[in-house]
Protein chains: 2
Amino acid sequence: MFNRRVIVAVLVAIGLCSSAVAQQSAGPLPSWNDSAPKRNIVGFVARVTAPGGVDFVPTEQRIAVFDNDGTLWCERPIYFQGMFALDRVRALAPQHPEWKTTQPFKAVLDKDIKALLGLDEKGIAQIVAATHAGMTEDAFASTVRDWMASARHPRFNRPYDSLVYQPMLELLSYLRANGFKTFLVSGGGVDFMRPWVEKAYGIPPEQVVGSSFVVKLQDSGDGKPVLVKDAKVEFIDDGAGKPVGINRFIGRRPIFAFGNSDGDRQMLEWTMAGDGPRFAGLVHHTDSLREYAYDRQSNVGKLDKALDEAIAKHWTIVDMRTDWNAIFPPHETATVGVKR
Amino acid sequence: MFNRRVIVAVLVAIGLCSSAVAQQSAGPLPSWNDSAPKRNIVGFVARVTAPGGVDFVPTEQRIAVFDNDGTLWCERPIYFQGMFALDRVRALAPQHPEWKTTQPFKAVLDKDIKALLGLDEKGIAQIVAATHAGMTEDAFASTVRDWMASARHPRFNRPYDSLVYQPMLELLSYLRANGFKTFLVSGGGVDFMRPWVEKAYGIPPEQVVGSSFVVKLQDSGDGKPVLVKDAKVEFIDDGAGKPVGINRFIGRRPIFAFGNSDGDRQMLEWTMAGDGPRFAGLVHHTDSLREYAYDRQSNVGKLDKALDEAIAKHWTIVDMRTDWNAIFPPHETATVGVKR
C-alpha cells in the first residue's frame, strides 16, 4: 500500500522532501537532476575546455557572470538588502526620535506594511540614505557582517547568507574547477555584497560588480585617510547598466551568464552577442513549496520579457521545482570553500 | 691602463652599458642590484609568505597595486597616451579638413610645440574627445592595438609597449609566484590599457583600474547591442581618486603598492594605513643616460610631495640609475608571459 513512491510523494507534498530525490545524480552538479539544464551546462563546459576542439576557449577568456538576488540566493519576501535597510532603521531609531513621527521611517517602525508597499522612490531613497551613507566603508562592512550573523529570514528562520542555492554553489565550483573565473554582476550594492560573498560563493571582493554610492577620500583627523560613503547614487548595475558594469569592471565579454529576471536581460544579450560558444541561463522560480513561485506579475524579480526571449532564443531555463533536487544547503553554515 | 673597470666606466658614460653590470645578481629579480630596494622587497615577501610567521598574510589578501606611467613603463617625452592622441589627430585629419585652421588641432598638425605646451584644459579635452570618444569600445581597442603595433618612440625608436621596465616585469612575476594578485591602478584610460597590458605585464583586463569616459549601451541596428564611449569623463583615477578606484574595483586594501609621482601619494598612503605588514615603493627617475632624470620640477610625472613623504616614512625609493642593472627588455618583443 505505502510503497516508496507514495511516501516520497507525501513528503514532497508537505515540503519535507525534495521532489526529485529518486533522480539524484552522482558526478558534478549532484543537486541538479539529469534534465536539460544540467546536460546543457555540462555539454557547454565540455566543448569549451576540450583542447584542440573547434569550440575551445582559452582559460583567460572563460569569464562567467552571475546575477545575485534570485539567481544565487533567495530574494523573497523582498530583496534581502531591503530587509537589511529596514532592520537598520529599527536599530538606529533610538538615535533619531523624530523618526517616530516622520515618514517613511514611521512606517518602518510601526511595521505599517500598507504604507511601506506604497513607498515612492523618494521614500525608498530616504531609507537607503539613512542606512547606507554617511559612514566609512569599513564601518558599513562591519554593520553588514553583524547583521548577517544575527538576522533571520522570516519564513525559513535561517541566516540570510545560508539561503543560497545549493545547485548554484555547485555550478560556481564546477565552473572554477574547469578554469572559469566567476563574477557577481548584481543590482545590489557592491559594498553590501563584498563582506560575505567570498565565504558564501567563493567569489572574492575584486570579482563583485554592483551598484554603488559616491565614495570620497577624507582625512580622519588621526592622519589616516578614510573612505566615506555619500548619499549620492553613483551607478545602478541593473538592466542596461549590467553590460556597462561588466565593461567597466571586467573589461571583456563573458562567455557564460546566469540571471533570473528582466534586470538580467541585457547582460544575457550582451553575453550571447559575442563570437564563439556562449551560454545564457535563467532561474525560473516555480517552487512554492520549497522556495517561491513567481515570474511575470512579481514586484520582486519580475521575469517577463527575459522569459519570452529565453524561450525564443533557446536559452537554458531552470525550472526550480523539477530541475533541482535541493534548494538550500542542508546546514545553515554550509558554504562553499573553493576560491575564485 | 685600460682595465675592466675603466672600460665599463667608459661604456656607461656613453650609454652603451649598464652602470651596474658588475653587480648583476642571480636568483629572483636579476635586473635589480643587491641594494636596499631589492633587499626590502625580498624581505617583505619572505615575511608575508612564511607560514606560521607573525607577519603571514593569507593568499587572498596579497593584493599588489602598481601605477603604470613612469612606474611600469616610460612616460617621456609625454605620457604615451598623449602620443597616441596626437597620432590619432593626424590619422583622422583627412576626415576633418576644418582642423587645418582650427585650434587645438592646427597646433597638432603643424607640430607647433609651443602652442601644444600652452594648451589649456579645454584644448586638451577637445583633443581627447576627438580621439577617444564617439566610437564603440571594440573599435577603440582595435585602434589602440594598431597604434601599438605601428608607432615608435621618438628617442628609442621602439614600440611603446616594449618600453616597459624589465626590473618591474620581474617584480610582477616574482609577486605572482608568491601568491600575490597584481593590479594596475593608473591615471591612464582603462580602455587604453586593457588591449595590451595582459601581454606586456601578465595583468588581465579585469585587474586594470583606470580613468574612464561614460559608456552607454546602444542598439547597433542589427540586433546586437554595442557599448559606445561618450565624450564625458566618468572617473579620474589619480591622486585622491586612486584609493576610491581601488575601493570600487578591488574592494579591499592592498598590502603592496608601487608608484613614481605625486599622483600616487594617496594610493601609497592608503596602502600603508592598514594593519599588518605593508610595502610602499617609488621609482625615482635618475638615469638620463639610459632613460630620463626628473622629479620635483617635471610637468610629466612630478615627484615632489611624495618624495618628501617617502623619505620621512622610510618607504622604498628606487634610484633607477644605481638600483637597476637593466631598464628595458633587451628585445623589442620581450614581454612577460606569466598570467595574473
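Residues numbered from 1 in each chain as written. Chains lettered and ligands numbered in written order. Predicted model: local features only at pLDDT ≥ 70, side-chain atom pairs only at ≥ 80, totals over all residues. Heavy atoms only, no water.

A. Quick look at the relation of the copies chain A and chain B. The transformation that overlays chain A on chain B combines an axial shift of 0.0 Å with a rotation of 180 degrees, and the residual RMSD is 0.0 Å. Expressed as an axis order, the relation between the two copies is that of a two-fold axis. When C-alpha distances to the rotation axis are compared across chain A, the minimum falls at F249(A), with a value of 3.2 Å. Most of the interface of chain A is mirrored in chain B, where 100% of its interface residues are also at the interface. (Least-squares fit on C-alpha atoms with pLDDT ≥ 70 in both. Contact = heavy atoms within 4.5 Å.)

B. Structural view of the interface of chain A and chain B. Taken together, the contacts link 36 residues of chain A with 36 residues of chain B. Summing both sides of the interface, chain A and chain B together bury roughly 3,100 Å²; the carbon and sulfur share of this comes to 52%. At the boundary of chain A with chain B, the tally comes to eight salt bridges. In this structure, E206(B) engages K181(A) in a salt bridge whose closest nitrogen and oxygen atoms are separated by 3.0 Å. At the surface where chain A touches chain B, the tally comes to 22 residue pairs in polar contact (both at pLDDT 80 or more). Listed by contribution, the elements that provide at least two residues to the side of chain A that touches chain B are helix 7 (137-150), strand 2 (181-189), helix 9 (190-201), strand 3 (208-219), strand 4 (225-235), helix 10 (241-249) and helix 11 (265-272) of chain A. Looking at the side of chain A that touches chain B residue by residue, the classes come out as 16 nonpolar, four polar and 16 charged. (Buried area = accessible area lost by both parts, 1.4 Å probe. Salt bridge = Lys/Arg side-chain N within 4 Å of Asp/Glu carboxyl O. Polar contact = N/O pair within 3.5 Å; in protein donor to acceptor, adjacent residues only side chain to side chain. Helix = DSSP H or I, 4+ residues; strand = E, 2+ residues; numbered from the N terminus. Nonpolar A, V, L, I, M, F, W, Y, C, P; charged D, E, K, R; others polar.)

C. Fine view of the sheet that holds strand 5 (residues 256-259) of chain B. Residues and elements named next belong to chain B. If you trace the seven strands from one edge of the open sheet to the other, you get 4-3-2-1-5-6-7, paired in mixed fashion. Every other strand in the sheet has two partners, leaving strand 4 (225-235) and strand 7 (316-319) as the edge strands with one partner each. Each strand axis lies, on average, 30 degrees off the axis of its neighbour in the sheet, ignoring direction. Here strand 6 (residues 279-284) pairs with strand 7 via four bridges, running parallel. Across the sheet, the residue bridging to H284 is D319, located in strand 7. Set on the sheet, helix 9 (residues 190-201) makes contact with strand 2 (181-189), strand 3 (208-219) and strand 4; between it and strand 2 the angle comes to about 145 degrees. (Pairing = 2+ DSSP bridges. Axes fitted to C-alpha atoms, helices over the stretch in contact; angles between N-to-C directions.)

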